[in-house]
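Notes for the structure review
Listed here are the chains, written in short residue letters.
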Amino acid sequence: MDRTLSGWLNGFVGVVIFSGSLPATRVAVMQFDPVFLTAARAAIAGMLGLALLALFRESRPSRRDIVPLIVVSLGVVVGFPLLTALALQHVTSAHSIVFIGLLPLSTAIFGVIRGGERPKPLFWLFSGLGSALVVGFALWQGIAASFVGDALMLAAIVVCGLGYAEGARLSRELGGWQVICWALVLALPLMLVIAAAMMPPSFSGIGPSAFAGLAYVSLFSMLIGFVFWYRGLAQGGIAAVGQLQLLQPFLGLALAATLLHETVSVSMFAVTVAVIVCVAGARKFAR
């Protein structure tokens, strides 16, 4: 299979998996403390990652890869999960999903800084328009929504874009699943300590839906999704394949409406469509 096509296919599978992350986090954070949820999902995925590395007898990363792996860990293992979990205490998952429209731009910017990619000028025009729509929507919704929740989501997008770009760069050398596994393992000792310290006194009052949300974000959002996503970014290009993230709001809004029975307003849907059109245009000029 052509390497570029393989990159798009792997990236698409990753986006489909990630589309359930915010709705699942929203369900889990309604009964779990957000700090415990962040640490628990990382600890569970970290132990699975450690088992995979041991099973396939993967060699340890070189010293020059340690700092980039720490950046990946801080970005996608700790930063994005924690910031979104905190944000989802203030806003609905449907509202937060609109911010995912900023991820392609954030990923592309760090792809230039860290990955050495050079998209064409029109790429930045389209991406900038999409980002402006998202920010404008957040400001317009300011009264009905939450400034704190929106600020946390914006911070999450920044650290996630950095983690995506850094992980994609490393994947060219280490492999996609190896990168996320090593990033998880680096965070594992700290995450185990935090999870133990923040563990609820009793799990008897925690419902099945919260455990299902924790299971999803631990297994799929934290590990399996990244196996496909990092491979896709490494094969097809960070800026180009990163545009697939614009499908995520569509899928996420559908899940928020059907599973969580959250209201998806006409304006929210319209902004999502407009952002997707803008950044789809940017895809043509990503290289």
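Look up a bit, the structure's there.
Residues numbered from 1 in each chain as written. Predicted model: local features only at pLDDT ≥ 70, side-chain atom pairs only at ≥ 80, totals over all residues. Heavy atoms only, no water.

As a rule of thumb, nonpolar side chains are buried together in soluble globular proteins. Judged by nonpolar contacts, the single largest core of 81 residues is most densely connected at Val77, Tyr164 and Tyr230. Broken down by element, this core gets its largest block of residues, twelve residues, from helix α9 (residues 176-198). In this structure Val77 touches Thr38, Ala42, Val72, Ile180, Ala183, Leu184, Ala187 and Met222, once residues within four positions along its chain are discounted. (Core = buried A, V, L, I, M, F, W, Y, C linked by side-chain atoms within 4.5 Å. Buried < 20%, exposed > 50% of the residue type's maximum accessible area, 1.4 Å probe, protein only. Helix = DSSP H or I, 4+ residues; strand = E, 2+ residues; numbered from the N terminus. Contact = heavy atoms within 4.5 Å.)

Turning our attention to helix α12 (residues 248-259). An ideal rise of 1.5 Å per residue puts 16 Å on twelve residues; α12 measures up with 16 Å between its terminal C-alpha atoms. Downstream of α12 by a residue or two, His261 has a phi angle that is positive, lying close to 55°. (Expected span 1.5 Å × (residues − 1).)

To continue, consider the packing of helix α4 (residues 63-87) against helix α8 (residues 147-174). One can describe the packing of α4 onto α8 by two numbers: an axis separation of 8 Å at closest approach and a directional angle of 150°. With respect to their mutual orientation, α4 and α8 come out roughly antiparallel. For α4 against α8, the interelement crossing comes out left-handed. Here the residues of the contact of α4 with α8 sort into 20 nonpolar, six polar and five charged. (Axes fitted to C-alpha atoms, helices over the stretch in contact; angles between N-to-C directions. Parallel < 35°, antiparallel > 145°, perpendicular 65-115°, else oblique. Left-handed = near helix turned anticlockwise from the far one by under 90°. Nonpolar A, V, L, I, M, F, W, Y, C, P; charged D, E, K, R; others polar.)

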